[in-house]
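Remarks on the overall topology
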Amino acid sequence: MATSSTNFKEYGQSQYWVAPARNFRTSARLHLQHFLIQNTLGYLLEPTVEKSVAASQALKVADLACGNGVWLTELHSHLATLNITTAQLDGFDINPINFPASAYLPAGVTLKKLDILAGTLPPELKSIYDVVHIRAFDSVIRNAEATKPILSAAMELLKPGGFLQWEEMRGDNWVVEVPSPETPGVACRTISQVLKGALQAQGIEKDWVDALDTHLEAFGFRDARLLVREKRKQDWKAWTEDYLMVWEEIAAFFPPKATKPDAPMSREAWVDLFAKGVKETEQGVVVHQGKIMTAIGQKPI
């Protein structure tokens, strides 16, 4: 079941992430997502990157679109096990609503409001970081061309020889699994088809994720490479719950039946479909996105 452009309200990437609905529920989901990604990858800093920067006397790391800062706070704890206790760990996000109070952050961790896609970065941030970390930018990138402003920001932030580490999943790849042939998965499959159709109707493409290393290389990063990890089967249920929280929020993008009675998918129909999907997950149906890609590249010296 596909969807048309009249079925799904135009998605504004930046507007979505600064909306009031991105609150404690979003933060809880980001915590869950972080630990699921860590279960999949098994690292915070990719091992070759970590080995390259571990000897730095004044390590500086930037996390773009840091959300609630969980990657940085976990990185702080990990670096302490390596006897790295003076690192500068800076997080930047367009919406500070989910930042922990600074009094509760570890020493060296700082979170700041910043729209890295605004076009101009503060001069004091340029060319100072050993590592720039990016994760789950899929939701704000419409196509391969739209990776360039993000790559430009990362390149500006990195010092010569610094590393970009970008982790991503394909937002159009919803894999629905059923525990047995007798278990229905119709609602979950319909939801995934509606979402994929909505992206296609708006011209949003996700194939750039599978070739992220080539985009780093084309932009000028050296030794670009792509690492692929399959999600663990034992995590599929937790991934499902993470995505259910997203699907519940999406109801706001569909028009109420009273305002658009001819829409292929009304808000009321979506809510009903979502409820059926939840019921299926209670019977063992799971939804995941298959794998996580990590692209690594180094700024030329």
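Scroll up for the structure.
Here's what I pulled together on the structure shown here. (Residues numbered from 1 in each chain as written. Predicted model: local features only at pLDDT ≥ 70, side-chain atom pairs only at ≥ 80, totals over all residues. Heavy atoms only, no water.)

1. Details of the pattern of salt bridges
Per the counting criterion, the structure on display carries 13 salt bridges. As a salt-bridge pair, K159 and D130 come within 3.2 Å of each other at their nearest N and O atoms. In this pair, K159 is assigned in strand 5 (residues 158-168) and D130 in strand 4 (residues 129-135), connecting sequence segments 29 residues apart. A salt bridge links D138 to K206, with the nearest nitrogen and oxygen atoms 3.4 Å apart. In this pair, D138 sits in the loop between strand 4 and helix 5 (148-157) while K206 sits in the loop between helix 6 (186-201) and helix 7 (212-219), placing the two residues 68 residues apart along the sequence. For D138, a relative accessible area of 10% translates into the label buried. (Salt bridge = Lys/Arg side-chain N within 4 Å of Asp/Glu carboxyl O. Helix = DSSP H or I, 4+ residues; strand = E, 2+ residues; numbered from the N terminus. Buried < 20%, exposed > 50% of the residue type's maximum accessible area, 1.4 Å probe, protein only.)

2. Observations regarding the pairing of strand 5
Burial analysis of strand 5 places nine of its eleven residues in the buried class, the great majority of the element. Taken together, the six bridges between strand 4 and strand 5 define a ladder with parallel strand orientation. Considered in strand 5, the bridge of V132 is made with L164. Once you follow strand 4 into helix 5 and on to strand 5, the crossover reads as right-handed. Pairing geometry for strand 5 and strand 9 (residues 291-298), over six bridges, is antiparallel. Paired with F163 across the strands is Q298, a residue of strand 9. (Pairing = 2+ DSSP bridges. Right-handed = clockwise from strand over helix to strand, strands pointing away.)

3. Here we look at the pairing of strand 1 (residues 60-64)
The side chains of a regular strand alternate, residue by residue, between the two faces of the sheet. With four of five residues buried, strand 1 is to be regarded as a mostly interior element. For the segment spanning strand 1, helix 4 (residues 70-81) and strand 2 (residues 88-93), crossover handedness is right-handed. Note that strand 1 and strand 4 share four bridges and pair parallel. Directly across from A62, in strand 4, lies its bridge partner V132.

4. Topic: helix 2 (residues 24-41)
For helix 2, with 18 residues, the first-to-last C-alpha span of 26 Å sits near the 26 Å given by 1.5 Å per residue. Looking only at helix 2, the buried set comprises T26, S27, R29, L30, Q33, H34, L36, I37, Q38, T40 and L41. (Expected span 1.5 Å × (residues − 1).)

5. Some points on the nonpolar core
Counting residues in each nonpolar core, the largest one holds 30 residues, and the members touching the most others are L64, V132, F137, L164 and W166. The set of elements that each furnish at least two residues to this core consists of strand 1, strand 4, helix 5, strand 5, helix 7 and strand 9. No other element matches the six residues that helix 5 contributes to this core. Setting aside anything within four residues of it in sequence, one finds V132 in contact with A62, L64, A154, L157, L158, F163, L164 and Q165. (Core = buried A, V, L, I, M, F, W, Y, C linked by side-chain atoms within 4.5 Å. Contact = heavy atoms within 4.5 Å.)

6. What to know about the packing of aromatic side chains
The full count for this structure, using the stated rule, is six aromatic pairs. Here the aromatic rings of W166 and W208 are separated by 5.9 Å at their centres, their planes lie at 55 degrees, and the arrangement is tilted. Here W166 is found in strand 5, whereas its partner W208 is found in the loop between helix 6 and helix 7, with 42 residues between them in sequence. This pair shows no difference in class: W166 is buried, exactly as W208 is. Taking the centre distance of 4.9 Å and the plane angle of 90 degrees together, the rings of W174 and Y243 count as edge-to-face. Linking W174 in the loop between strand 5 and strand 6 (175-177) with Y243 in helix 8 (residues 236-249), this pair joins segments that are 69 residues apart in sequence. The same class applies to W174 as to Y243, namely buried. Clustering of aromatic rings is evident, with ring pairs tying together W174, W239, Y243 and W247. (Phe/Tyr/Trp six-rings, centres within 6.5 Å; stacked < 30°, edge-to-face > 60°.)

7. Considering helix 8
Within an α-helix, residues lying three or four positions from one another point in the same direction, as the helix has 3.6 residues per turn. Compared with an ideal rise of 1.5 Å per residue, which puts 14 residues at 20 Å, helix 8 spans 20 Å between its outermost C-alpha atoms and is within 8% of the ideal. Within helix 8, ten of the 14 residues are buried, which leaves the element mostly enclosed by the surrounding structure.

8. Re the sheet that holds strand 1
Pairing is mixed in the open sheet, where seven strands are placed in the order 3-2-1-4-5-9-7. On the outer flanks of this sheet lie strand 3 (109-113) and strand 7 (222-230), each paired with one strand and no other. Neighbour-to-neighbour, the strand axes of the sheet open up by a mean angle of 15 degrees, direction not taken into account. (Axes fitted to C-alpha atoms, helices over the stretch in contact; angles between N-to-C directions.)

9. Considering the environment of F219
Looking at the element boundaries, F219 is found in helix 7. Each residue touching F219, except ones within four places of it in the same chain, is listed here: K148, L151, S152 and M155.

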